[in-house]
Amino acid sequence: MSSIGTGYDLSASTFSPDGRVFQVEYAMKAVENSRSLFCVFGVTEYAVAGLLADARSLSEVSREEASNFRSNYGHDIPLKHLADRVAMYVHAYTLYSAVRPFGCSFILGSYDEDDGPQLYMVDPSGISHGYWGCAIGKAKQAAKTEIEKLQMKEMTCRELVKEVAKIIYIVHDEVKDKAFELELSWVGEGNYWILYSTSITTFLWTSF
Amino acid sequence: MDSHHSYSQVKGVSTGTTILAVKFNGGVIIGSDSRASMGESYVSSKTINKLIQVHDRIFCCIAGSLADAQAVTKMAKFQLSFHSIQMESPPLVKAAASIMRELCYNNKEELQAGFITAGWDRKKGPQIYVVSLGGMLLSQPYTIGGSGSTYIYGYVDAKFKPDMSLEEATQFSTNALALAMGRDNVSGGVVHLVVITEAEVKHVVVPGNKLPKFHDE
């Protein structure tokens, strides 16, 4: 499987001889214990995978960043900047042996009438990238394959919500994975929505 | 806007002043006189610059204590430049005005300076924000400030029209400043105008002998 970093994996302040920081890589493995949580702040939404406690702490950090920005500069924080700030914060925890890296990945999405829809992902190493579509968690490879088949630029939010729900069902392994609850959330022109499991079947039925 | 009684309490150099900003079709014009005074009778400078550039398309007009105004605009210029580099895009006028407001509000006990922040940005186009003495922030289509402004409220209220052309707006600003400088003893010198549009920033100086004359002069 993956190599064991015996001796070089005891703290985040140690490099292995082949230039890897094993603590950060282990943190990325923690993301595969997927447990998604949706938090909403203003017109930005987050989806997270990994250690729930770390995710809650990070979402509090991002709320503070957004709030301070609004207070200082008089307008809502652009998503790219928020993603950068969260990524910088996560990265700081990969530099020292006194702390451990965050064991969660973050997807941030927002809609703004000037910049349109935006999507950013932050992972435990502290990188943030913008995406048209991305997936995190155990089945991310399979999900990414499905996402690549979509023509996102030509689809509406309504159509994409259905596609996303379909993908979650497709990549779920009936044998290996336990029963799951689907939580759906989307943010678009003028508003945001969160759907919990019980409503989803009804929603999907009526939409089809 | 600044009131008369505060000047006796201001130590040192003050800008007994007339400043204004006007939105027109495609940009903003900001203008000021050029006199700095100490007390009611000594002119300490005839050619002071009260239109401070805080970013490529954002200017601040200053009124009140010159020292305080210079300190605040210097700090705001630094913070704005850092903010703009972090955001990788030119700053919003609202952001510049908010920075000024934070500085004025958080230091309201020590400071005695008011500002007009005006400029152009990609998101909302030309904008004007007043940041008053205590740290109030207000957006306006046109605004006047300083001690000389009290003499021209009637003129600007009567003569302002939204969506003026550049020529009309320039005439409006020059007339307003000339009238204020004619009646306020602590405003005078030359008229400085800065025209800010998407394309450029143009600085116009109207010397004393070229100012419009009104019937009693």
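Keep in mind the model is a prediction, meaning the values are calculated, not measured.

Conventions adopted
Residues numbered from 1 in each chain as written. Chains lettered and ligands numbered in written order. Predicted model: local features only at pLDDT ≥ 70, side-chain atom pairs only at ≥ 80, totals over all residues. Heavy atoms only, no water. Phe/Tyr/Trp six-rings, centres within 6.5 Å; stacked < 30°, edge-to-face > 60°. Helix = DSSP H or I, 4+ residues; strand = E, 2+ residues; numbered from the N terminus. Buried < 20%, exposed > 50% of the residue type's maximum accessible area, 1.4 Å probe, protein only. Salt bridge = Lys/Arg side-chain N within 4 Å of Asp/Glu carboxyl O. UniProt positions renumbered as here; feature names shortened; annotations may be inferred. Core = buried A, V, L, I, M, F, W, Y, C linked by side-chain atoms within 4.5 Å. Contact = heavy atoms within 4.5 Å. Polar contact = N/O pair within 3.5 Å; in protein donor to acceptor, adjacent residues only side chain to side chain. pLDDT = per-residue confidence, 0-100. Buried area = accessible area lost by both parts, 1.4 Å probe. Nonpolar A, V, L, I, M, F, W, Y, C, P; charged D, E, K, R; others polar.

Q: Go over the packing of aromatic side chains, please, and point to the residues and values.
A: How two aromatic rings sit relative to each other is set out by the distance from centre to centre and by the angle between their planes. Within the structure shown, the criterion is met by nine aromatic pairs over all chains. Relative to F102 of chain A, the ring of Y89 of chain A lies with its centre 6.0 Å away and its plane at 45°, an arrangement referred to as tilted. Within this pair, whereas Y89 of chain A is found in helix α3 (residues 79-92), its partner F102 of chain A is found in the loop between α3 and β3 (104-112), the two being separated by 13 residues in sequence. By relative accessible area, F102 of chain A is classed as buried at 6%. Through a chain of ring-to-ring contacts, three or more aromatic side chains come together here, namely Y142, Y155, F160 and F172 of chain B.

Q: Describe the pattern of salt bridges, and please don't skip the residues or the numbers.
A: Summed over the entire model, instances satisfying the criterion amount to 14 salt bridges over all chains. Of the charged contacts, one joins K80 of chain A and E88 of chain B as a salt bridge, the two residues approaching to 3.6 Å between their closest N and O atoms. Residue K80 of chain A is located in helix α3, and its partner E88 of chain B is located in the loop between α1 (66-87) and α2 (93-106); the two belong to separate chains. Exposure remark for K80 of chain A: the relative accessible area of 34% places this residue in the partly exposed category. E88 of chain B gets classed as exposed once you look at its relative accessible area, which sits at 61%. Among the charged side chains, a network of salt bridges with common partners joins D18, R20 and E25 of chain A.

Q: I'd like a rundown of the UniProt feature "domain: Proteasome alpha-type subunits" (unreviewed entry) in chain A, residues and numbers included.
A: Those places that UniProt annotates as "domain: Proteasome alpha-type subunits" (unreviewed entry) correspond, in this numbering, to residues 8-30 of chain A. For the annotated span residues 8-30 of chain A, helix accounts for 39% and strand for 0% of the residues, and the straight-line distance between the end C-alpha atoms is 18 Å.

Q: Run through the nonpolar core, naming residues and quoting values.
A: Of all hydrophobic cores here, the largest spans 47 residues; its most connected members are F106 and L108 of chain A together with F115 of chain B. Every residue in contact with F115 of chain B, bar those within four places of it in the chain, is listed here: C61, I62, A69, V72, T73, M100, C104, Y129, V130 and V131 of chain B. Formed by 22 residues, the second largest nonpolar core is a distinct cluster that contains F24, I29, I144 and V191 of chain B.

Q: Tell me about the environment of S125 of chain A, residues and numbers included.
A: Residue and element names in this part refer to chain A. Residue position: S125 is located in the loop between β4 (116-122) and β5 (128-130). As a C-alpha pair, S125 and G50 span 75 residues in sequence and 13 Å in three-dimensional space. In this view, S125 contacts V24, M28, H91 and T94; residues no more than four positions away in its chain are not counted. Separated by 2.6 Å, the side chains of S125 and D123 make a polar contact.

Q: Pulling in residues and values, what's your account of the UniProt feature "active site" (unreviewed entry) in chain B?
A: All names here are of chain B. The sites that UniProt annotates as "active site" (unreviewed entry) are T17. You can see T17 is positioned in the loop between β1 (14-15) and β2 (19-24). Setting aside residues up to four positions removed in sequence, T17 forms contacts with D33, K50, I62, A63, G145, G146, S147, G148, S149, D184, V186 and S187. A polar atom in the side chain of T17 sits 2.4 Å from the side chain of K50.

Q: How would you summarise the confidence of the model for chain B if you had to cite specific residues and measurements?
A: Residues and elements named next belong to chain B. For chain B, the mean per-residue pLDDT works out to 91, and 93% of the residues sit at or above 70. Low pLDDT, under 50, characterises residues 1-10; the stretch is placed with 22 contacts to residues that sit more than four places away or in other chains. Reported confidences for the modelled complex are a pTM of 0.84 and an ipTM of 0.83.

Q: Describe the interface of chain A and chain B, listing the residues and the values that go with them.
A: Taken together, the contact pairs 13 residues of chain A with 13 residues of chain B. Surface buried jointly by chain A and chain B totals about 1000 Å² across both partners, of which 49% is contributed by carbon and sulfur atoms. The largest contributions to the chain A side of the interface with chain B come from Y73, H75 and H81 of chain A, which together make up 44% of the buried area. Where D114 of chain A meets K123 of chain B, a salt bridge forms, and the shortest distance between an N and an O atom there is 3.5 Å. The set of elements that each furnish at least two residues to the side of chain A that touches chain B consists of α2 (52-73) and α3 of chain A. Here the side of chain A that touches chain B is composed, by residue class, of three nonpolar, five polar and five charged.

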